[in-house]
Amino acid sequence: MAQPSEPVTLFYKESGQGLPVVLLHGFPFDQCIWQAQRDVLSDTFRVITPDLRGHGQSPAPDGTYYMDVLAGDVIALLDSLGIERAVWVGHSMGGYVVMAALRTAPERVMGVGLVATHPYADTAEKRLQRLKSATLALNEGAASLALGMMSILFAPAVNRKSLMAQGIYHVMVHTPPVGIAGALRGMAERPDSLKTLCDASVPVAIMAGEDDQIVTPETSRQVARTIPASLVFIADAGHMPMVEQPGATTSALRTFLTSLDAR
Ligand code: MLT
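Residues numbered from 1 in each chain as written. Predicted model: local features only at pLDDT ≥ 70, side-chain atom pairs only at ≥ 80, totals over all residues. Heavy atoms only, no water.

How should I be thinking about the pairing of strand β7 (residues 230–234) in this particular structure?
Consecutive residues of a regular strand have side chains that alternate between opposite faces of the sheet. Bridge count between strand β6 (residues 204–209) and β7: five bridges; the pairing is parallel. Across the sheet, alanine 205 pairs through a bridge with serine 230, a residue of β7. (Pairing = 2+ DSSP bridges. Helix = DSSP H or I, 4+ residues; strand = E, 2+ residues; numbered from the N terminus.)

Sorry if this is basic, but what is going on with the sheet that holds strand β4 (residues 86–91) here?
To summarise the sheet geometry, strands pair through backbone hydrogen bonds and adopt either a parallel or an antiparallel arrangement. Read from one edge of the open sheet, seven strands run β1-β3-β2-β4-β5-β6-β7, paired in mixed fashion. The open sheet terminates on both sides in strands that have one partner only, identified here as β1 (12–15) and β7. Taking the axes of each pair of neighbouring strands and ignoring which way they run, one obtains an average angle of 20 degrees across the sheet. Pairing analysis gives four bridges linking strand β2 (residues 20–24) to β4, with the strands arranged parallel. (Axes fitted to C-alpha atoms, helices over the stretch in contact; angles between N-to-C directions.)

Help me understand helix α4 (residues 124–140), please; the structure alone is not making it clear to me.
The terminal C-alpha atoms of α4, which comprises 17 residues, lie 24 Å apart, in line with the 24 Å expected from a rise of 1.5 Å per residue. Where α4 is concerned, the buried positions are Arg130, Ser133, Ala134 and Ala137. Buried residues in α4, looked at end-on, bunch into an arc of 105 degrees, giving them a common side. Exposed and oriented more than 90 degrees from the buried face of α4 are Ala124, Glu125, Leu128, Lys132, Asn139 and Glu140. Taken together, the buried residues of α4 touch α3 (93–104), α5 (143–153) and α7 (177–188). Positive phi appears at glycine 141, one or two residues downstream of α4, with a value of about 95 degrees. (Expected span 1.5 Å × (residues − 1). Buried < 20%, exposed > 50% of the residue type's maximum accessible area, 1.4 Å probe, protein only. Arc of directions from axis to C-beta. Contact = heavy atoms within 4.5 Å.)

Even after reading the chapter, I still don't get the packing of aromatic side chains, so can you show me in this structure?
Geometrically, a pair of aromatic rings is defined through the distance of the ring centres and the angle of the planes. For the structure shown, the criterion picks out zero aromatic pairs. Sitting over the face of the ring of tyrosine 65, arginine 53 holds its NZ or CZ atom 5.8 Å from the ring centroid. Over the ring of tyrosine 96 we find arginine 190, and its NZ or CZ is 3.9 Å from the ring centre. (Phe/Tyr/Trp six-rings, centres within 6.5 Å; stacked < 30°, edge-to-face > 60°. Lys NZ or Arg CZ within 6 Å of the ring centre and 35° of its normal.)

I keep staring at the site of the ligand and nothing clicks. Help me out?
Around the ligand lies a shell formed by Gly26, Phe27, Phe29, Ser92, Met93, Tyr96, Arg130, Met187, Ile214 and His239. Tyrosine 96 is positioned with one of its side-chain polar atoms (N or O) 2.6 Å from an oxygen atom of the ligand. The side chain of arginine 130 places a nitrogen or oxygen atom 2.8 Å from an oxygen atom of the ligand. Across the complex, the protein chains shield 92% of the 270 Å² of accessible surface that the ligand would expose by itself. (Near = heavy atom within 4 Å. Polar contact = N/O pair within 3.5 Å; in protein donor to acceptor, adjacent residues only side chain to side chain. Areas by Shrake-Rupley, 256 points an atom, 1.4 Å probe, with all protein chains shown as cover.)

Right, dumping it as structure tokens:
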């Protein structure tokens, strides 16, 4: 259960008008991963991309970033923008935050988009590994974690020296170690959210990289079958479909958002 925590004021970018859509980045990235989607989808939708607590240009307080707390920060941002309900789309850890919002404040959520993420809690082994990585990041800096992640983030065919891959590496190494540690501790504490998704009274759409080594296609299929939810695989993409295949990811999001706008 999350400890009470005052929301922090998040850095964000916003474009467009219409149905409000909030796009949440994963760990340890920032809002810039959604730039291609924000630029294009803002022709029809009001697209808001925050930096979650501890990431990008948002404050990075010490502590454990429980997913409920990260969701509370986003709700405070939506309050400040006068937005009562939004479509919440989350990538990986951002997806865990979306599920936390659905659990704690379902009245604020009018649709759920899950990109390269899943609802399951960590195993005991994974939890331990996260706590060790938190200590490592605090002692040795963000690069210790970023280098390891580079080998599994993208589809195998992606050139790790490409501008796209190096841009993502740059984002990871600039994430403050205290933010990395807070997020790792928070993810380790997150509850299983499968029931929350199954009980959701709003549409759920899953978008997944066909070559994702972190959230495997089989996991995405299993989750989609269980909820049930729509499922779109993005070809030639790993864990970062929004930057590996920006056009296909934007199209999948547009299809989902248009279906919600028509309701
Ligand atoms: C992410 O991309 O946000 C991470 O892979 C999530 C996780 O470590 O569970």
